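Summary of the model geometry
Here are the chains, one letter per residue:
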Amino acid sequence: MRRSSDPGDSLVGLGTRLSRIHPYPAMVPDELAMSLVNKFVPPDASVLDPFCGSGRLLAAATEASLRVGIDTNPLAWLLTQAKFAKADPQGVRAIIAEMAPAKLRSPKPGSLVGPTERKVQWFSKPVIEELSRIVLWLNSLDLSKNESLLVAAALSATVRDVSFAREQGWKLHRLDAASRRKFRPCPWDRLEKRLTYCLNELSKQGSRFGGRTVVKLGDSRGLARCEKSPVAKYGPFDVVLTSPPYGDSRSTVQYGAASSLCLSIVSHLKGFDHLRSTGGSIDSSCLGGTTIDREPWFSLKSYWSGSDHSPHAASVSKFLCDYDAVCDGLVDHLSPTGKAIFVVARRSTGGYRLKLDEFTADCFSRRGFTLLSKEERPLSHKRTPRLINRFGRDATRQNSASALVPTMNSEIVVVMARTSVRGAKRRSA
Ligand SMILES: C[S@@+](CC[C@H](N)C(=O)[O-])C[C@H]1O[C@@H](n2cnc3c(N)ncnc32)[C@H](O)[C@@H]1O
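Because the structure is predicted, anything quoted here is derived from the model rather than measured. (Residues numbered from 1 in each chain as written. Predicted model: local features only at pLDDT ≥ 70, side-chain atom pairs only at ≥ 80, totals over all residues. Heavy atoms only, no water.)

Relative to the helices and strands, S132 resides in helix α5 (residues 125-140). Taking the relative accessible area as the measure of exposure, S132 reaches 2% and is therefore buried. (Helix = DSSP H or I, 4+ residues; strand = E, 2+ residues; numbered from the N terminus. Buried < 20%, exposed > 50% of the residue type's maximum accessible area, 1.4 Å probe, protein only.)

Burial within strand β12 (residues 410-418) is extensive, with 9 of its 9 residues counted as buried. Both faces of β12 are covered, namely the face carrying S410, I412, V414, M416 and R418 and the face carrying E411, V413, V415 and A417. Across 6 bridges, strand β6 (residues 334-344) lies against β12 in antiparallel orientation. The partner of V343 across the bridge, within β12, is V413. Relative to β12, strand β9 (residues 369-378) runs antiparallel, the two sharing 9 bridges. Among the inter-strand pairings, R377 is bridged to a residue of β12, identified as E411. (Pairing = 2+ DSSP bridges.)

Now for empty space enclosed by the protein. Per the stated rule, a full pass over the model turns up 2 cavities of 30 Å³ or more. Looking at the largest cavity, it is lined by 27 residues, and the ones nearest its centre are F51, C52, G53, D71 and S243. Taken together, the residues that form the lining of the largest cavity break down as 14 nonpolar, 9 polar and 4 charged. The computed volume of the second largest cavity comes to approximately 40 Å³. (1 Å grid on protein atoms, 1.4 Å probe; cavity = no way out; pocket = protein on both sides within 12 Å on 5 of 7 lines; lining within 4 Å. Points joined across faces, edges and corners; volume = space filled by probe spheres on them. Nonpolar A, V, L, I, M, F, W, Y, C, P; charged D, E, K, R; others polar.)

Within the structure shown, the criterion is met by 15 aromatic pairs. Between the aromatic rings of W137 and W188, the centroid separation amounts to 5.7 Å while the plane-to-plane angle is 45°, which identifies the pairing as tilted. With a gap of 51 residues between them, W137 in helix α5 and W188 in helix α8 (residues 187-205) connect regions that are remote in the sequence. In terms of burial, W137 and W188 fall into one category: buried. Following the ring pairs from residue to residue traces out a cluster consisting of W297, F298, Y303, F319, Y323, F342, F359, F364 and F369. Above the face of the F164 ring, R180 is positioned so that its terminal group lies 5.9 Å from the ring centre. (Phe/Tyr/Trp six-rings, centres within 6.5 Å; stacked < 30°, edge-to-face > 60°. Lys NZ or Arg CZ within 6 Å of the ring centre and 35° of its normal.)

Around the ligand, the structure places 24 residues, and the nearest of them are Y24, S54, D71, D219 and S220. Note that a nitrogen atom of the ligand is positioned 3.0 Å from one of the backbone N or O atoms of L287. Taking 610 Å² as the accessible area of the ligand by itself, protein coverage stands at 100%. In a pocket analysis with a 2 Å cut-off to the grid points, the ligand is assigned to the largest cavity. Taken together, the residues of the shell around the ligand break down into 12 nonpolar, 8 polar and 4 charged. (Near = heavy atom within 4 Å. Polar contact = N/O pair within 3.5 Å; in protein donor to acceptor, adjacent residues only side chain to side chain. Areas by Shrake-Rupley, 256 points an atom, 1.4 Å probe, with all protein chains shown as cover. Sits in = over half its atoms within 2 Å of the grid points.)

Take the packing of α5 against α8 next. Two numbers describe how α5 lies on α8: the axes approach to 9 Å, and their chain directions differ by 50°. The orientation of α5 relative to α8 falls into the category oblique. Packed against α5, whose contacting residues are V127, E130, L131, R133, I134 and W137, the element α8 presents P187, W188 and L191 at the interface. Residues belonging to the contact of α5 with α8 are distributed by class as follows: 7 nonpolar, no polar and 2 charged. (Axes fitted to C-alpha atoms, helices over the stretch in contact; angles between N-to-C directions. Parallel < 35°, antiparallel > 145°, perpendicular 65-115°, else oblique. Contact = heavy atoms within 4.5 Å.)

Here it is, written out as structure tokens:
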């Protein structure tokens, strides 16, 4: 495998549109997104990202003729839509200008918005009252669809900012009691800051996208059932450019908990009630959550060295079966000269690395594709610890010699292309 210091060195400092509108787990760094587009997405190509997350890879493909994103997490749908919304900077400026008087005058809400079903408190009482007033005020404005998307994404980021969730990392950990008592954020000020960021970005970058963008809230496992594919009518695609989850969402990334916290407030905005979801429902709709019925063609041992009897074996296998189903569907959505570019990493599950790069290459190879290149790059933007204790809080084992394991420190770009046009025709015949 080739090692690269940083394939996008010359792009450092440049950003994709509205890149920092909202934190999101495992975002592809801007410079990597832009360098992959420079290399693999010709102008006027059609691009599919079946795990679009915050939409960075699609946002980097500014000159594509068609960008299609799919994600099962409603928060990802919202963020990607917001990035492509053609909001008028004047309209956003007017919303910001109305905030100060609204903060003074807006009435006390009759009822509070927020996560009633949660056992622990994620907001102080004054914060939830102010968030409720903000929602009431925003719902009284006559916003265009594009403005609403931008405002909803900015509000979602604000919700996270003013919650008791610790700032570092994406997993939902609460501030300790002493920090909670001292934490007195002003939701209005935070929202103003978030909207001002959006305004500056819009004024600087304008709407610089060519072509069309479609974002689907859905499950990419559906790609494997062609007649039910949510995006078949937009294909075949020239390029699949994506960064899949590196493990299932319950035991590794946990997209659900933090996303549903933000959505519990945002879904009270007019027109966004369909985004209301529990953390559990988001996690189980992610790969490995609930499996469609497929016999694995692979031996788990080739990609993960844990024991077959380990409690993790079944979940790793489920995750890979789901992942394989998506790859199967992607092959049918790619044009005969199409390429698939995957940004993956070797996340540790149960103390053992899952070789997702090798699994990805094998999934495509057995379906008529060739590995064009595989390149590893350091994860320079990582904010999480370099070492973790794989026995967590298990006091009997956490001091053992094998307890400390390094976390992911690199990501791998896997590029696959069809072996031959003939092979593609045979498959689609
Ligand atoms: C690594 S993240 C993508 C990050 C994205 N490239 C970015 O830069 O923000 C993986 C995404 O896959 C989504 N996902 C997981 N399972 C899915 C499924 N079955 N169908 C569609 N999306 C799924 C998750 O919700 C998550 O947003």
